[in-house]
Amino acid sequence: MKTPQPLELRRKQAFGAVRILFGLIWLINTWLQLDPAYSMHFLGTFSADWVSGQPAWIVGYGHWMAQLVQQLGAQTVAYATIALDAILAASLITGVGVPLLAWVGVIYNLWLWSTVGGFGGPYTQGATDPGTAIIYALCFLFVVWTRSWEGLSFSKAPHRPIYAPAIHTARILFGILWAFDAFLKWQPYFLTHAVTYLQQALPGEPAWIAAYISFFISVITWAGPVLFGYFAAIIESIIAFYLIIGRGLRWVIPVGIAYSIGVWTTAEGWGAPFLPGATANKGDVLGTTNIYVIAFLFLAVWVYFTPEPRSNKGKR
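As a starting point, this report considers the structure included with it.

Conventions used here
Residues numbered from 1 in each chain as written. Predicted model: local features only at pLDDT ≥ 70, side-chain atom pairs only at ≥ 80, totals over all residues. Heavy atoms only, no water. Axes fitted to C-alpha atoms, helices over the stretch in contact; angles between N-to-C directions. Helix = DSSP H or I, 4+ residues; strand = E, 2+ residues; numbered from the N terminus. Left-handed = near helix turned anticlockwise from the far one by under 90°. Contact = heavy atoms within 4.5 Å. Nonpolar A, V, L, I, M, F, W, Y, C, P; charged D, E, K, R; others polar. Salt bridge = Lys/Arg side-chain N within 4 Å of Asp/Glu carboxyl O. Buried < 20%, exposed > 50% of the residue type's maximum accessible area, 1.4 Å probe, protein only. Patch = residues over 30% accessible without salt bridge, like charges linked within 9 Å, V, L, I, M, F, W, Y side chains within 5 Å. Areas by Shrake-Rupley, 256 points an atom, 1.4 Å probe, with all protein chains shown as cover. Expected span 1.5 Å × (residues − 1).

### Side note on the packing of helix α1 (residues 6-33) against helix α6 (residues 133-145)
Axis separation between α1 and α6 bottoms out at 11 Å; the angle between their running directions is 145°. In this structure, the crossing between α1 and α6 has a hand that is left-handed. For the pair formed by α1 and α6, the contact residues are R19, F22, I25, W26 and N29 on the first element and Y136, C139, F140 and V143 on the second. For the contact of α1 with α6, the class distribution of residues is seven nonpolar, one polar and one charged.

So this is what it looks like as structure tokens:
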């Protein structure tokens, strides 16, 4: 078997480091779900599928899935999700059980997205993104397709080359996700009310986070809230475009990371406050756009640690 070259070894270690970071976030999410309110209110969170504005087929699907969970025992299913979360966290951190458990993570998060996440909807006035679990599912795909268990791992899996088309598929899917986000940002309501999303993040936050968010609210108010709305829509459109076409990644990736951190620490309030029994942001996960950062880090390792053919230099 061919021995990996030094650059390839560093790339494997870097992929492994991103996988571990993702696992640590997943571990925090598991810890948040240990609050008794999570299991007590678990079935009620399925109402995301039948809130006002959801299409009839999602309403029907949500009621069917809720009935199934009720028959199995809502608290039993909730405890099972906590146990699965713990297993996934351990697998991500150690590298053991990947890629099998990472594929489980993909399916599990798509299920969460379609139930407690309401498919990210309803996509009515004020919607800004397609939900939380969908980006987690995509990051589990990155875990698999980057063969991240081969670096910084207890796994003894043999070295195999990374299948480049799979990475490009993940990149395009990530770009489509950004394109959908951007589409929602171009809606008139967001353009004229963008600053309100920061204001809504203030209640319940610790004093230092509230002061941090308030500073940005003051800056945006001074510069012009509508201008900020257009800035967000344009930036997200640019990120989506370059992710989809696969060009300019060397500068789009750091821009995307900085922008995602900005959103997470302001509109998402660093993921806090973590309200017992809630789901997604301000509930049982650390946030949404911080997971966008994880996806960008996987892409960064691929872009910066993969030798480029001379003819392609300068394009990425």
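### Examining the pattern of salt bridges
Tallied over the full model, the rule gives four salt bridges. With a shortest N-O distance of 2.5 Å, R147 and E150 are connected by a salt bridge. There is no split in this pair, since R147 and E150 are both buried. When salt bridges that share partners are traced, they join K12, R147 and E150 into one network.

### Examining unusual backbone geometry
Along the chain, G121 connects to P122 via a cis peptide bond; the corresponding omega equals 0°. As for its position among the elements, P122 is in the loop between α5 (100-114) and α6. Cis rather than trans, the peptide bond between A272 and P273 has omega equal to -10°. Examined against the element boundaries, P273 turns out to sit in the loop between α11 (249-265) and α12 (289-304). Even without glycine at this site, F119 takes up a positive phi of about 55°. The phi dihedral of L152 falls on the positive side, at around 50°, and the residue is not glycine. Looking at where L152 falls in the secondary structure, it is placed in the loop between α6 and α7 (164-185).

### Brief notes about a nonpolar patch on the surface
Judged by side-chain polarity, W186, V226, Y230, I234, I238, W251 and V255 come together as a nonpolar surface patch covering roughly 590 Å² of accessible area. When residues of the nonpolar patch are traced back to their parent elements, those giving at least two are α10 (225-245) and α11. Per element, the largest residue contribution to the nonpolar patch is four residues, and it comes from α10. Inspection of the secondary structure puts W251 in helix α11. The partly exposed category is assigned to W251, whose relative accessible area is 42%.

### Some points on the environment of V303
Among the structural elements, V303 can be located in helix α12. A C-alpha to C-alpha distance of 33 Å links V303 and F190, two positions 113 residues apart in sequence.

### Examining the environment of H41
On the secondary structure map, H41 appears in the loop between α2 (36-40) and α3 (56-72). Expressed as a C-alpha distance, the spacing of H41 and A78, which sit 37 residues apart in the sequence, is 9.1 Å.

### Some thoughts on α5
Relative to the 21 Å expected for 15 residues at 1.5 Å per residue, α5 spans 22 Å between its end C-alpha atoms, a close match to the ideal helical length. Where α5 is buried, its residues touch α1, α3, α4 (74-94) and α6.

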